Amino acid sequence: MAEFPIVDFSGDGGGLFSGEEIRRLMGVECTRAERYGYPVAAMMIAVDRLEQLGDLYGTESRDTILDEVSTALERNTRESDLLGFRIGSHFFALFPHTARKAALGLARRLIGDTGKLTFDEGSASVSVTLSIGLAFRGAGEAGRYDLDELRSEVTTAVLQAISAGGDRAVAYTPPKDVPQVPDLKGNLDELGKSLETLLAQKVAAIFESMGQSLPDFGGHRKEVLALAVEKMELAHEQMRREHAERVDLLERRLAKVSQSLELTEGELRRALLAKGVDPGVASIYRTVQGLSDVEHDLELKREMMAAIFEANLELRTQLSERTGRGSH
Amino acid sequence: MSNKSDQAKAKDQDKDHGVLYIGIDLGTSRTSVAASNGVRATVPSFVGYPKDVVSKKLLKKDVLFGDEALEKRLSLKLYRPLEHGVLKCGGDKAAAEDAEGNTRAARDLLTEAVRMAKPRKDELVYAVIGAPAQASINSKNAILEVARESVDSVMLCSEPFAVAYGQDLLEDVLVIDIGAGTVDLCRMHGTMPEDSDQITLETAGDFVDAELSKRISQAYPQAQFSVGMIKAIKERHSTVAETTEPILVDLPVNGKPTSFDLTEQIRGACQAIVPPIVEGLGKLIGTFDPEFQDKLKRRVLLAGGGSQIKALDSAIEKAMHEMLGSGKVTRIEEPMYGGANGALKIAHDMPEEYWEKLK
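Visitor: Residues and numbers for the interface of chain A and chain B, please.
Guide: Each partner contributes residues to the interface: chain A has 16 residues there, and chain B has 29 residues. Summing both sides of the interface, chain A and chain B together bury roughly 2,200 Å²; the carbon and sulfur share of this comes to 67%. Among the residues chain A hides against chain B, the three largest losses belong to Met305(A), Phe309(A) and Arg316(A). Together they make up 30% of the total. Taken together, the links from chain A to chain B amount to one salt bridge. Notably, a salt bridge pairs Lys301(A) with Asp168(B), separated by 2.8 Å at the nearest N-O pair. Residues that form the side of chain A that touches chain B fall into these classes: ten nonpolar, three polar and three charged.

Spelled out as structure tokens, the structure:
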């Protein structure tokens, strides 16, 4: 394997081999590994937030960071094992005779080493972190020894590492039970036609419900429908905005009412305290048991109503008697 | 007879779309109505009938009420059917002049009061009428007899009790209800007030009018005025405040409007009702459980049209301090409708079965 100390991480094409040549050599290495059955590990390395760092401190600092990472990569690997090149701001490398455990260890070392690096940019000191995606072949790992397939897998893995927040290594995991998609394009065409028919029926129904016949769109049916969809989206957006405003208004009102309620409760507590009234569970108990003032008042009122009725009934009786006597 | 009963049944069947409850304060000076449909109205308790065919044709009405009746009184036979809070036609005053006319006027006034409440044709009308605290049985019967023709079911209750009930003050409260004919004092102590809990005084609004007339006549014999003018002056300027702007009123002297300073006369006439009230309060407080007398003194409620006399609450408080040691008087918010609102509340709270039995 000593014949492959080939590294071109400069990305400027100024090295011994061009990117194409290195890619070809990587393909040869894959074929060889398959033939002899030894493991290989592929690695895609990305510097986290490199674009933002470049925007903040300039493109020169970006190049400096990439160079430093490249050096760290070389420092941490056996020269004979490294075969890699740079794609934009990413590094793609292939490690022959490297199984999963060793590759993950290497990734961790790289992340640790890069974390120690600091770059002085004027008054600021910049630290960088790495996201690393890994894929493996041989030593019980599934998959074909195919360079394009490996590259696709490490790309997926590195994206997972970035989306998880960076500063980590993620090994590619093949998706489980991926359903077979039968002739997606044909189905989509059919679905599109069905939707179009359905849409046309709906539009006709809407016009019919308004007591109008479907107008002739003059061959611009799609444009008209697109316009209608655009209008609907605008109306929807406006409705959403209005709802948001109303929610905001209600939230503010609620906050105001809550504040007012707090003040009232505070005042009530103060008044109850001043008058020595027990506002606790005991008062609730009294209400539930019908011993509160309200219950007492209701009972009292019922008695009073009965007394008024009795007095009026007596008056009525006297009146009737008097009327009876008068008529006799 | 059976025909009449059938008619009554048919009438009841027509009225099967709910009940309109009405509280009526049938006052000597004003009649106020509060109804469960939200209507509140008041009318001066005057009823007028055209004197002859000519005036009937001119007025285009068979009967006039309130301010309109007062305004056209020269063409009318004018009635004020209540005196000292009771009907002139009934009971103690039955022998009074024109009993028949007053009965008719009282009936028409109550019909007008019910009309003001705007009942629907398909509604039953149940009314509670406030009567003076110590009205005699005959007086109450007279009111009932007249009212039964205007409503489907009617009950009477003590006027000051209605005021207290309307304010939800049922315990340890003293109510002063100052009307035109009577001042009613009532002691509430958690039960239905009995006769011993109530006092009716005749030193009310009409008494103030008479007192004011007397004082003006004494001070300014040349001034000309009528009872109506005196009433209007009292309603506008009444006060018992010790410091006030001079009250200057124009009264005719031999046909020429002349300005008179009536400050002292008005204050003196209004002040004249305070001692009897405080004396009455003293009786009610003095016969109450000694343990609760202080509480009673602190809870005195002032209601009725007469309570609108400026600074009357302070004057009663001051007199209570002098005669009873302490006192706290609170004026209710709507003195004109205090009785009617309370009567309406009673009408609402009265169980349906009671109304049915009194139909």
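So that's the structure; there's more coming.
Visitor: So what about helix α13 (residues 338-349) of chain B? Which residues, and what values?
Guide: Compared with the 16 Å implied by 1.5 Å per residue over twelve residues, the 17 Å span of α13(B) between its first and last C-alpha is a close match. Looking only at α13(B), the buried set comprises Gly338(B), Gly339(B), Ala340(B), Gly342(B), Ala343(B), Leu344(B), Ile346(B) and Ala347(B).

Visitor: If you had to explain the pattern of salt bridges to someone new, which residues and values would you point to?
Guide: Under the criterion given, the structure shown has 29 salt bridges over all chains. Between Glu235(B) and Lys231(B) there is a salt bridge, and its shortest N-O distance comes to 3.5 Å. Linking Glu235(B) with Lys231(B), this pair stays in helix α8 (residues 227-237), spanning four residues, or about one helical turn. Residue Glu235(B) is classed as exposed on the basis of its relative accessible area of 51%. Residue Lys231(B) is classed as buried on the basis of its relative accessible area of 15%. When salt bridges that share partners are traced, they join Arg137(A), Glu149(A) and Glu153(A) into one network.

Visitor: I'd like to hear about the nonpolar core, residue by residue, with values.
Guide: Residue and element names in this part refer to chain B. Residues Ile176, Leu185, Leu262, Ile277, Leu281, Leu312 and Ile316 are the most contacted members of the largest nonpolar core, which totals 43 residues. Ranked by the residues each element gives to this core, the list is headed by helix α10 (residues 274-286), at six residues. Those residues in contact with isoleucine 176 that sit more than four places away from it in its chain are Val183, Asp184, Leu185, Ile277, Leu281, Val300, Leu301, Leu302, Ala303 and Ile316. If you look at the next biggest cluster of nonpolar residues, it comprises 37 residues, including Leu20, Val43, Val151 and Val154.

Visitor: Can you break down helix α4 (residues 100-116) of chain A residue by residue, with the values?
Guide: All names here are of chain A. End to end, α4 covers 25 Å across 17 residues, agreeing with the expected 24 Å (1.5 Å per residue, within 8%). Among all positions of α4, only Ala103, Gly105, Leu106, Ala107, Leu110, Ile111 and Thr114 are buried. As for α4, its buried residues are in contact with β2 (40-47), α3 (59-75), β4 (90-96), β7 (130-137) and β8 (168-171).

Visitor: Tell me what's going on with the sheet that holds strand β4 (residues 47-50) of chain B, and back it up with residues and numbers.
Guide: To summarise the sheet geometry, strands pair through backbone hydrogen bonds and adopt either a parallel or an antiparallel arrangement. All names here are of chain B. Pairing in this open sheet of three strands is antiparallel, and the strands run β5-β4-β6 from one edge to the other. Edge strands, defined here as strands with exactly one partner in the open sheet, are β5 (64-65) and β6 (76-79). One ladder, built from two bridges, connects β4 with β5; its direction is antiparallel. Bridging across to β5, glycine 48 finds its partner in leucine 64. Its contacts with the sheet put helix α4 (residues 99-116) on β4, β5 and β6, and the angle it makes with β4 is roughly 115°.

Visitor: Which residues make up the packing of α10(B) against helix α12 (residues 312-324) of chain B, and what are the values?
Guide: All names here are of chain B. Relative orientation of the contacting elements α10 and α12 amounts to 55°, with a least axis distance of 10 Å. Comparing the axis directions of α10 and α12 gives the class oblique. Of the two possible hands of crossing, α10 and α12 adopt the one that is right-handed. Where α10 abuts α12, its residues Val274, Ile277, Val278, Glu279, Leu281, Gly282 and Ile285 lie against Leu312, Ala315, Ile316, Ala319, Met320, Met323 and Leu324. Of the residues that constitute the contact of α10 with α12, the class distribution is twelve nonpolar, one polar and one charged.

Reading the values: the criteria
- Residues numbered from 1 in each chain as written.
- Chains lettered and ligands numbered in written order.
- Predicted model: local features only at pLDDT ≥ 70, side-chain atom pairs only at ≥ 80, totals over all residues.
- Heavy atoms only, no water.
- Contact = heavy atoms within 4.5 Å.
- Buried area = accessible area lost by both parts, 1.4 Å probe.
- Salt bridge = Lys/Arg side-chain N within 4 Å of Asp/Glu carboxyl O.
- Nonpolar A, V, L, I, M, F, W, Y, C, P; charged D, E, K, R; others polar.
- Helix = DSSP H or I, 4+ residues; strand = E, 2+ residues; numbered from the N terminus.
- Expected span 1.5 Å × (residues − 1).
- Buried < 20%, exposed > 50% of the residue type's maximum accessible area, 1.4 Å probe, protein only.
- Core = buried A, V, L, I, M, F, W, Y, C linked by side-chain atoms within 4.5 Å.
- Pairing = 2+ DSSP bridges.
- Axes fitted to C-alpha atoms, helices over the stretch in contact; angles between N-to-C directions.
- Parallel < 35°, antiparallel > 145°, perpendicular 65-115°, else oblique.
- Left-handed = near helix turned anticlockwise from the far one by under 90°.

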